[in-house]
Amino acid sequence: MLKQIITLLFLNIHFISLASNTVIKGVAKDFDNSELSVYIYDDFITGTKEKIGFSKIGNTNNFEFNIDINTIKKVELAIEDKTTWFFIEPGGIYNITLSYSPELNKGRIYDRFLSLKFNFPAPTELNQLIAKFNRKYDDFISTNESIFLKRDGSITPKIQEFEQHILNEFKAYNNDFAYNYAKYTIASTFNSIDISYYKSDKKSLDKADIFIKYLQNNSILYNNPEYMNFFTAFFNGEIKKLTLQLHGMDITKAINEENSYNALVKTLEKYPFLENKELLNLFLINGLKEIGNDKYFNQKNIISILTHLKTNSIYPEQQKIAANVITKITYKKLAKGSNAPTFKLPTIDGKEIALTDFNGKYVYINFWASWSIPSLREMKIMETLHKQYKDKVAFISICTDNDKSKIKSLLKENPNYSWTFVHLTERELMQAYEVRTLPTYVLIGKEGEILRFPAPRPGGNIERPTEENIERVFFDLK
């Protein structure tokens, strides 16, 4: 027993020693006194991101954030609704400048991006190599666009020529991550051509060729997004296709009737492209994600099999992915009927307003910011809705700006905005309400239960014909 404890302590110390402090610092132009949020991609099968913290941007526009990592990670930085991303390596120091260009974001009302500049770029640094490849790849696609459009396989020799040239070049940089980023981007290009398991002509590659070249006997690169993008695209819908074949009935039986991980693995092992156990299990996790909400499969059993993988897989990365898939499938937070997160927030007069103050009345909440054009534009429609439905629905506008005076300015310019305005002082509330874009709307019932999340926007179906009309929802409220 003592020997086991000593061994465990040694392993923990060794693991900790592998983690290195990585620094992200620099300047965010014109974002003084704002908040920089930092996210790391947890896995590239589900696209799950984890918020690992934030940094306050000072009066001089400076910021700094420290993180301990033990492998290359894709990191996303967000200021307000604007984002950018890059790769960080253990022990790296990233001195960057962030800025926002209205011209580059012209026409983008949502999901706007920050411009990113590395202040002291080294030519062989990972992000510089990625950028170099992306430029060459874009040029290749642009130059050969007309041949791609033929969709007859005639582009294959050109892709092969480009691949040989680019991989020879990137091999010389001695950076495995950048090399594989390029390799699997090109693999996805082959996969995007109309292919099958059988060759239709001598020029094109069939699916078996691509599998042998890029997946068979190759390591699974969990932290490389281009590998995982290729993997999910290559096997997209494959598990469902297998179940529709005569010999695939065993797969459906293993899930729906036997609820057995072992039975499912046994039937999948019969396929030659799943001889590798690690690859088979990742294929299984990805496939279960795809059919997790398919009415022809028992969701409870799918979750049970994923739970087995989360608990017992010998591959730590797959344990994490399985856990994220379970979360995606079973997610019920803010579902209809669930309790709305409570809050107490200040008005511009210093009074505190609580959600419970409105018990017995429907509540329509919007999270907004002064820099969000849609927020300000939709307030005009909210003014009309408030006049018509204020006896039935309480309107609460939560300002997410750091500066409380933004509310005063808005109300001074719009004296007819006579509903409740409060200032966000609890940053965790945005996480509780899953606010990822602004504006975000929520409709809450008379007993504090979620009725709609996200709720339809004011005038939503005017600009978005497929979106439900919130006025119709208000009208139908009992």
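Note: the structure precedes this text.
Parameters at a glance
Residues numbered from 1 in each chain as written. Predicted model: local features only at pLDDT ≥ 70, side-chain atom pairs only at ≥ 80, totals over all residues. Heavy atoms only, no water. Helix = DSSP H or I, 4+ residues; strand = E, 2+ residues; numbered from the N terminus. Buried < 20%, exposed > 50% of the residue type's maximum accessible area, 1.4 Å probe, protein only. Contact = heavy atoms within 4.5 Å. Areas by Shrake-Rupley, 256 points an atom, 1.4 Å probe, with all protein chains shown as cover. Lys, Arg positive; Asp, Glu negative; His and termini not counted. Charge placed at Lys NZ, Arg CZ, Asp CG, Glu CD. Expected span 1.5 Å × (residues − 1). Bend = angle between axes of the 7 residues up to and from the residue. Salt bridge = Lys/Arg side-chain N within 4 Å of Asp/Glu carboxyl O. Pairing = 2+ DSSP bridges. Axes fitted to C-alpha atoms, helices over the stretch in contact; angles between N-to-C directions. Phe/Tyr/Trp six-rings, centres within 6.5 Å; stacked < 30°, edge-to-face > 60°. Polar contact = N/O pair within 3.5 Å; in protein donor to acceptor, adjacent residues only side chain to side chain.

Trainee: Can you walk me through the overall build of the protein in this structure?
Mentor: In terms of regular secondary structure, the protein is built from 18 helices and 16 strands. Its C-alpha atoms give the protein principal-axis dimensions of about 70 × 70 × 60 Å. With 478 residues in all, the protein has 49% of them scored as buried. Long-range contacts, defined here as pairs at least 24 residues apart, represent 64% of the contacts in the protein between residues at least 6 apart. Total accessible area on the protein is roughly 25100 Å²; 51% of this is exposed by carbon and sulfur atoms. Separation of charge centres in the protein, based on 61 positive and 57 negative side chains, amounts to 2 Å.

Trainee: What am I meant to see in helix α14 (residues 373-389) here?
Mentor: Each α-helix winds once per 3.6 residues, and so residues spaced three or four apart point in a common direction. The end-to-end C-alpha separation of α14 is 24 Å, in line with the 24 Å expected for 17 residues at 1.5 Å each. Residue Lys380 marks the point of greatest curvature in α14, where the axis turns by about 30 degrees. Those residues of α14 not exposed but buried are Pro374, Ser375, Glu378, Met379, Met382, Glu383, Leu385, His386 and Tyr389. Contacts from the buried residues of α14 go to β12 (362-368), β13 (393-399), α15 (405-413), β14 (420-423), β15 (440-444) and α18 (470-476).

Trainee: Got a minute to help me understand the pattern of salt bridges in this structure?
Mentor: Two side chains bearing opposite charge may form a pair once their charged atoms approach each other closely. What the rule picks out here adds up to eleven salt bridges. Between Lys320 and Asp42 there is a salt bridge whose closest N-O contact spans 4.0 Å. Placement of the pair is Lys320 in helix α13 (residues 316-330) and Asp42 in the loop between β2 (35-41) and β3 (49-56), with a sequence separation of 278 residues. In this structure, Glu378 engages Arg457 in a salt bridge whose closest nitrogen and oxygen atoms are separated by 2.9 Å. Of this pair, Glu378 sits in helix α14 while Arg457 is found in the loop between β16 (450-452) and α17 (460-463), placing the two residues 79 residues apart along the sequence. Like Arg457, Glu378 is buried. Linked by salt bridges that have partners in common, Lys132, Lys136 and Glu169 make up one network.

Trainee: Which parts of the structure should I look at to understand the sheet that holds strand β7 (residues 93-99)?
Mentor: Pairing between the strands of a sheet is mediated by backbone hydrogen bonds and can be parallel or antiparallel. The four strands are arranged β4-β1-β7-β9 in an open sheet whose pairing can be described as mixed. Of all strands in the sheet, those with a lone pairing partner are β4 (62-69) and β9 (115-118), marking the two edges. Looking at each pair of strands side by side, their axes are set apart by 25 degrees on average, direction ignored.

Trainee: I would appreciate a short explanation of the environment of Tyr364 in the present structure.
Mentor: Along the chain, the position of Tyr364 falls in strand β12. Linking Tyr364 and Gly445, residues 81 residues apart in sequence, is a C-alpha distance of 9.1 Å.

Trainee: Sorry, what's going on with the sheet that holds strand β8 (residues 112-113) here?
Mentor: One open sheet accounts for five strands, arranged β3-β2-β5-β6-β8; its pairing is mixed. The open sheet has two edge strands, β3 and β8, and neither has a second partner.

Trainee: Which parts of the structure should I look at to understand the environment of Phe474?
Mentor: In this fold, Phe474 is placed in helix α18. Judged by relative accessible area, Phe474 falls into the buried class, the value being 0%. Apart from residues lying up to four places away in sequence, Phe474 is in contact with Tyr364, Leu385, Tyr389, Lys392, Val393, Phe395 and Leu443.

Trainee: How do you make sense of the packing of aromatic side chains when you look at a structure like this?
Mentor: Between two aromatic rings, the relevant description is the distance of the centres plus the angle of the planes. Taken as a whole, this structure holds 39 aromatic pairs when the rule is applied. Summarising the aromatic geometry, the rings of Tyr227 and Phe231 are spaced 6.4 Å apart at their centres and angled 20 degrees between planes, so their arrangement reads as stacked. Highlighted residues: Tyr227 and Phe231, both in helix α7 (residues 225-234), separated by four residues, approximately one helical turn. Of the two residues, Tyr227 and Phe231, both sit in the buried class.

Trainee: Looking at this structure, I do not really get the side chain of Ser55. What am I missing?
Mentor: Note that Ser55 resides in strand β3. Here Ser55 falls in the buried class, since its relative accessible area comes to 5%. In this structure the side chain of Ser55 is engaged in a polar contact, spanning 3.1 Å, whose partner is the backbone oxygen of Glu64. Setting aside residues no more than four positions away along its own chain, Ser55 makes contact with Ser34, Glu35, Leu36, Phe63, Glu64 and Phe65.

This is a description of form; function is not addressed.
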